[in-house]
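So the chains spell out like this:
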Amino acid sequence: MSAGKNTKFYQALRCKEGVSQTNFSDQTIDLELIGEEPFLIRIDDKPYSVVMRTPGEEVFHAAGFCLGEGIADAPDDFKTIGYDKDLDPNIIDIWLKPERREKIPHLLERRGFVSQTSCGICGKEMMKELNQILMPAENGFEVEINHVFDCIGKLSKNQKYYQRTRGSHAAIIFDDRLQAISFSEDVGRHNALDKAIGKIFMDGTLSDASILVLSSRISYELVQKAARARLPVMISNSRPTTLAVEMGQALNMTLAFPAEETELIIVCGENRIKRR
């Protein structure tokens, strides 16, 4: 069920603590999640950058991106800016005036990651590409729901920069015995996860990794990174995006987040979290 262009509803499990710590009651709920789709910016008929965003205001998004990158100094630098000829909402075509193009050849040569799909840049095609390098998570690992809350608590206890700056993200990884085997903190959420995975990748303990807890929301890029590291369980401090859930479902992963101190929302993969 869709709530419009920018959000979708997914069925999830609300697990709320009952009378005792080992008694949790399950309730199926409709969870509204913010949309996330890839967005291609083409400049002078050449792909320049792909970014992930919530659909909507694509022309303004592309214009602001060009200002921030130094591609345009004023709206008059654009010859035209608008949706591609097929009106794909995920592609904006920008044509620069010749005099502007001549001023920034070095910037136009600096292109970001571009999907190689031939039919544009839709989410389904990107998922197909990524699934060629990602393996579904194996079943077998299970964790008590109370221990999930213990893992969440250990994330903040390990953070030293956030308490002082309120400006960092963190990632902590646990093995199947729920021992913390890697932690990292960084100004960027992607960086924090890359560092945490990199530590156990380099020391040869990556195969022990079972649970990932993040200070940030789960986006598709973070699901991709966790899937490459063969991490079956991802816990975040806020709701995942729609594309993250779709990827998590396709890869047989568990995605969840705490709604309260005694309440966990399981978006997919509920079989790995033991609630009774």
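For the structure itself, consult the block above.
Please read these numbers as outputs of a predicted model, since none were measured by experiment. (Residues numbered from 1 in each chain as written. Predicted model: local features only at pLDDT ≥ 70, side-chain atom pairs only at ≥ 80, totals over all residues. Heavy atoms only, no water.)

K.L.:
Quick rundown of the overall build of the protein? Include the residues and the values.
P.N.:
Counting its regular elements, the protein contains nine helices and 14 strands. Residues counted as buried form 49% of the 276 residues belonging to the protein. Sequence separation of 24 or more characterises 52% of the internal contacts of the protein that already satisfy a separation of 6 or more. (Helix = DSSP H or I, 4+ residues; strand = E, 2+ residues; numbered from the N terminus. Buried < 20%, exposed > 50% of the residue type's maximum accessible area, 1.4 Å probe, protein only. Contact = heavy atoms within 4.5 Å.)

K.L.:
Let's hear about the side chain of glutamate 185: which residues, and what values?
P.N.:
For glutamate 185, the position within the fold is in strand E9 (residues 180-186). For the buried glutamate 185, no salt bridge exists, and the shortest N-O distance to an oppositely charged side chain is 6.7 Å, to lysine 160. For glutamate 185, the side chain forms a polar contact with the main-chain nitrogen of lysine 160, separated by 3.0 Å. Dropping the residues within four chain positions of it, glutamate 185 is found in contact with Gln159, Lys160, Tyr161, Tyr162, Ser168, His169, Ala170 and Lys195. (Lys, Arg positive; Asp, Glu negative; His and termini not counted. Salt bridge = Lys/Arg side-chain N within 4 Å of Asp/Glu carboxyl O. Polar contact = N/O pair within 3.5 Å; in protein donor to acceptor, adjacent residues only side chain to side chain.)

K.L.:
Which residues make up the pattern of salt bridges, and what values go with them?
P.N.:
The tally for this structure, following the rule as stated, stands at 16 salt bridges. Connected through shared salt-bridge partners, Arg14, Lys16 and Glu263 make up one network.

K.L.:
An account of the packing of helix H7 (residues 189-202) against helix H8 (residues 220-228) is needed here, citing residue identities and associated values.
P.N.:
One can describe the packing of H7 onto H8 by two numbers: an axis separation of 11 Å at closest approach and a directional angle of 5°. In terms of axis orientation, H7 runs roughly parallel to H8. Residues Arg189, His190, Leu193, Asp194 and Ile197 of H7 touch H8, and the partners they reach there are Glu221, Leu222 and Lys225. In the contact of H7 with H8, the residues fall into three nonpolar, one polar and four charged. (Axes fitted to C-alpha atoms, helices over the stretch in contact; angles between N-to-C directions. Parallel < 35°, antiparallel > 145°, perpendicular 65-115°, else oblique. Nonpolar A, V, L, I, M, F, W, Y, C, P; charged D, E, K, R; others polar.)

K.L.:
Describe the sheet that holds strand E10 (residues 209-214), naming the residues involved and giving the relevant values.
P.N.:
Read across the open sheet, the eight strands follow the order E2-E1-E13-E12-E11-E10-E8-E9; overall the sheet is mixed. In the strand order of this sheet, the two ends are held by strand E2 (24-34) and E9, each with one partner. Between one strand axis and the next, the sheet turns through 25° on average, direction left out of account. Sheet topology note: the strand E8 (residues 169-175)/E9 ladder contains six bridges and is antiparallel. The partner of alanine 170 across the bridge, within E9, is glutamate 185. Strands in contact with H7 are E8, E9 and E10; relative to E9, the strand with the most contacts, it is inclined by about 150°. (Pairing = 2+ DSSP bridges.)

K.L.:
How would you summarise helix H5 (residues 145-158) if you had to cite specific residues and measurements?
P.N.:
The first and last C-alpha atoms of H5 sit 21 Å apart over 14 residues, in line with the 20 Å expected at 1.5 Å per residue. Residues of H5 that are buried: Ile145, Asn146, Val148, Phe149, Cys151, Ile152 and Leu155. (Expected span 1.5 Å × (residues − 1).)

K.L.:
Outline the environment of aspartate 77, supporting the account with residue identities and numerical values.
P.N.:
Within the secondary structure, aspartate 77 sits in the loop between helix H1 (58-69) and strand E5 (78-83). Using a relative accessible area of 15% as the deciding quantity, one classes aspartate 77 as buried. Taking the C-alpha atoms as reference, aspartate 77 lies 6.0 Å from arginine 100; in sequence the two are 23 residues apart. What aspartate 77 contacts, discounting residues up to four positions off in sequence, is Ala72, Leu96, Lys97 and Arg100. Side-chain polar atoms of aspartate 77 contact the backbone nitrogen of aspartate 73, separated by 2.7 Å.

K.L.:
So what's going on with the nonpolar core? Which residues, and what values?
P.N.:
Among the nonpolar cores identified, the biggest contains 29 residues, and Ile173, Leu212, Leu214, Val223, Met234 and Met253 are the most heavily contacted of them. When residues of this core are traced back to their parent elements, those giving at least two are E8, H7, E10, H8 and helix H9 (242-250). Those residues in contact with methionine 234 that sit more than four places away from it in its chain are Leu212, Leu214, Ile218, Leu222, Val223, Ala226, Met253, Thr254, Leu255 and Ala256. Phe141, Phe174, Ile211 and Val213 belong to the second largest nonpolar core, which has 24 residues in total. (Core = buried A, V, L, I, M, F, W, Y, C linked by side-chain atoms within 4.5 Å.)

K.L.:
Any details on the sheet that holds strand E6 (residues 91-96)? Residues and values, ideally.
P.N.:
Ordered by their spatial adjacency, four strands build an open sheet running E4-E3-E6-E5, and the pairing between neighbours is mixed. This sheet does not close on itself; its edge strands, each paired only once, are strand E4 (46-53) and E5. Adjacent strand axes in the sheet meet at a mean angle of 15° when their direction is disregarded. Two elements, strand E3 (residues 37-43) and E6, share four bridges in a ladder whose sense is parallel. By the bridge assignment, isoleucine 43 is partnered in E6 with isoleucine 94.

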